[in-house]
Amino acid sequence: MTKRAILQLDGLTCPSCMTKIEKGLTGQPGVEAVKVLFNASKVKADFDDSQTDAETLATVVDKLGYPVKTIKTK
């Protein structure tokens, strides 16, 4: 089943951050779509919950150097 993770980030400072996060998440198993909202410091990621979960995606973003403040799943 497809779910959406909304990650509130801390530390988006430039547009190249968006590209780094999008590339990092797009390569993960189960990720179907990624959108980074620069001005809101949020990431929206649609994923197949049989292959991954929101916490795993948050860990990927954190390892890229962008701390995740909150995680919501819809």
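Everything below is about the structure printed above this text.
The rules behind these values
- Residues numbered from 1 in each chain as written.
- Predicted model: local features only at pLDDT ≥ 70, side-chain atom pairs only at ≥ 80, totals over all residues.
- Heavy atoms only, no water.
- Core = buried A, V, L, I, M, F, W, Y, C linked by side-chain atoms within 4.5 Å.
- Buried < 20%, exposed > 50% of the residue type's maximum accessible area, 1.4 Å probe, protein only.
- Helix = DSSP H or I, 4+ residues; strand = E, 2+ residues; numbered from the N terminus.
- Contact = heavy atoms within 4.5 Å.

J.: Looking at this model, I keep getting lost on the nonpolar core. Mind explaining?
T.: As a rule of thumb, soluble globular proteins bury nonpolar side chains together. Counting residues in each nonpolar core, the largest one holds 19 residues, and the members touching the most others are L9, I21, L25 and V43. Among the secondary structure elements, those contributing two or more residues to this core are strand 1 (2-9), helix 1 (15-26), strand 2 (31-37), strand 3 (42-48) and helix 2 (54-63). Among the elements that take part in this core, helix 2 stands out by supplying 5 residues, more than any other. Not counting chain neighbours up to four residues away, the residues in contact with L9 comprise I21, S41, V43, V61, Y66, P67, V68 and K69.

J.: Please explain the environment of G24 as it appears in this structure.
T.: Mapping G24 onto the fold places it in helix 1. Owing to a relative accessible area of 18%, G24 belongs among the buried residues under this scheme. Once the C-alpha coordinates of G24 and K74 are considered, the two residues, 50 residues apart in sequence, prove to be 21 Å apart. Among residues more than four places away in sequence, those in contact with G24 are V60 and L64.

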